[in-house]
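# Secondary and tertiary structure notes
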Amino acid sequence: MALSNATILSRQCLSRLNLHSRCFHVSPVSGAEFGWFNKFINIPKPASNEQPQTGLLADINAVYELQKEDVQPGHMDDYLKSLEYFVHESRDKTPGYELVGSFRVLIGDQDQVLNLWRFDKGYVNASMIQSNMLQDSALVKLENDRLRCLRKRENQMLLAFSFWDTAVPAQRNGFYELRSYVLKTGSLLDWGNAWAKGIHCRHNRVAGYFSQVGRCYMVYHLWHYKDLQERQDVRQSDWINPGWDVILRDTLPLIREMRSRWMVGNSFSPIR
């Protein structure tokens, strides 16, 4: 008996469904696994012991403020004099707030001064000190005197990498290089892990920081050199140190932007 076209089509469809059902395999999903479906829709498995990146990279008992101040051409001497007065005055009036270093940029951003301040006891002390400074008429006047010399300014709140040395007062009578990096979002922990393994390669390190308030995902590495020739020699000899190539291999893909400033410490700077 001849089969109708509809019957033939129905049998072909059933045959294909049976073939696919024999080939298709569904694995059981246990409570400890997410299974193929969650992987397909990209739901990550939460880590029960996950910590904030800042807790893994830094000691938050101290907070730093980095001031980048662009001075009007021809006003550098007046600016530095006002800044020095402010440093001396604030030392007595704001315990727990101290200047770590003040540097004048020689190569990079011309007529720029970078000031690094430290707040002991973290953000609680930082908020209290900033509030007190705004209410002190003498400090406000000194601040305004300095601001008249500026054409632009910017600041950030930073934390120090725990695997770097702590910046301490030192008179090296040399020069400093501040290398700054803008990282890809989410890559700070990878950056820290890579440098923690290879920081021993460099003996001229001073300090390392990463931003928390202001422009985020910025990293700062501070190095010291006798002069530009020593900088060249050190950077060439780095390739002899085991592990230096690994640092570059792991960190270069994380960088969006980088900058170098060649600086000298100001006469009143604890680091110079």
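Residues numbered from 1 in each chain as written. Predicted model: local features only at pLDDT ≥ 70, side-chain atom pairs only at ≥ 80, totals over all residues. Heavy atoms only, no water.

## Observations concerning the sheet that holds strand 2 (residues 97–107)
Taking strand neighbours around the barrel as the criterion, the eight strands line up as 1-3-2-8-5-7-6-4 in a closed arrangement whose pairing is antiparallel. The sheet shows a mean angle of 35° between the axes of neighbouring strands, direction not considered. In the sheet, strand 5 (residues 175–183) pairs with strand 8 (residues 255–265) via eight bridges, with the strands oriented antiparallel. Its bridge partner lying in strand 8, Y176 is registered against M263. Where helix 6 (residues 137–147) meets the sheet, its contacts fall on strand 1 (62–71) and strand 4 (150–160), and the angle it forms with strand 4 comes to roughly 120°. (Pairing = 2+ DSSP bridges. Helix = DSSP H or I, 4+ residues; strand = E, 2+ residues; numbered from the N terminus. Axes fitted to C-alpha atoms, helices over the stretch in contact; angles between N-to-C directions. Contact = heavy atoms within 4.5 Å.)

## Observations regarding empty space enclosed by the protein
Enumeration according to the criterion identifies one cavity of 30 Å³ or more in this entry. In this structure, the largest cavity spans a volume of roughly 100 Å³. L66, F103, L114, L116, L158, L178, Y209, Y220, L222 and M263 are the residues that line the largest cavity. Taken together, the residues of the lining of the largest cavity break down into 10 nonpolar, no polar and no charged. (1 Å grid on protein atoms, 1.4 Å probe; cavity = no way out; pocket = protein on both sides within 12 Å on 5 of 7 lines; lining within 4 Å. Points joined across faces, edges and corners; volume = space filled by probe spheres on them. Nonpolar A, V, L, I, M, F, W, Y, C, P; charged D, E, K, R; others polar.)

## Considering helix 5 (residues 122–134)
Three- or four-residue spacings in an α-helix give side chains the same orientation, since the helix completes a turn every 3.6 residues. The end-to-end C-alpha separation of helix 5 is 19 Å, in line with the 18 Å expected for 13 residues at 1.5 Å each. Where helix 5 is concerned, the buried positions are G122, N125, A126, I129 and M133. The buried residues of helix 5 occupy an angular sector of 105° when projected down its axis, which confines them to one face. Away from its buried face, by an angle of more than 90 degrees, helix 5 presents the exposed residues V124 and L134. On its buried face, helix 5 is in contact with strand 1, helix 4 (76–93), strand 2, strand 3 (112–120), helix 6 and strand 4. (Expected span 1.5 Å × (residues − 1). Buried < 20%, exposed > 50% of the residue type's maximum accessible area, 1.4 Å probe, protein only. Arc of directions from axis to C-beta.)

## Comments concerning helix 4
In a regular helix each residue adds 1.5 Å, so 18 residues correspond to 26 Å; helix 4 covers 26 Å between its end C-alpha atoms and thus fits that length. Regarding helix 4, the residues found buried are M76, Y79, L80, S82, L83, F86, V87 and S90. Considered in projection along helix 4, the buried side chains sweep an arc of 160° and stay on one side of the axis. Facing away from the buried surface of helix 4 by more than 90 degrees, the exposed residues are D77 and D92.

## Quick word on the packing of helix 7 (residues 188–198) against helix 9 (residues 244–251)
Where helix 7 contacts helix 9, the axes come no closer than 9 Å and their chain directions differ by 175°. When the axis of helix 7 is compared with that of helix 9, the two are roughly antiparallel. Across from W191, A194, W195 and G198 in helix 7, the residues of helix 9 making contact are W244, I247, D250 and T251. The class makeup of the residues in the contact of helix 7 with helix 9 is five nonpolar, two polar and one charged. (Parallel < 35°, antiparallel > 145°, perpendicular 65-115°, else oblique.)

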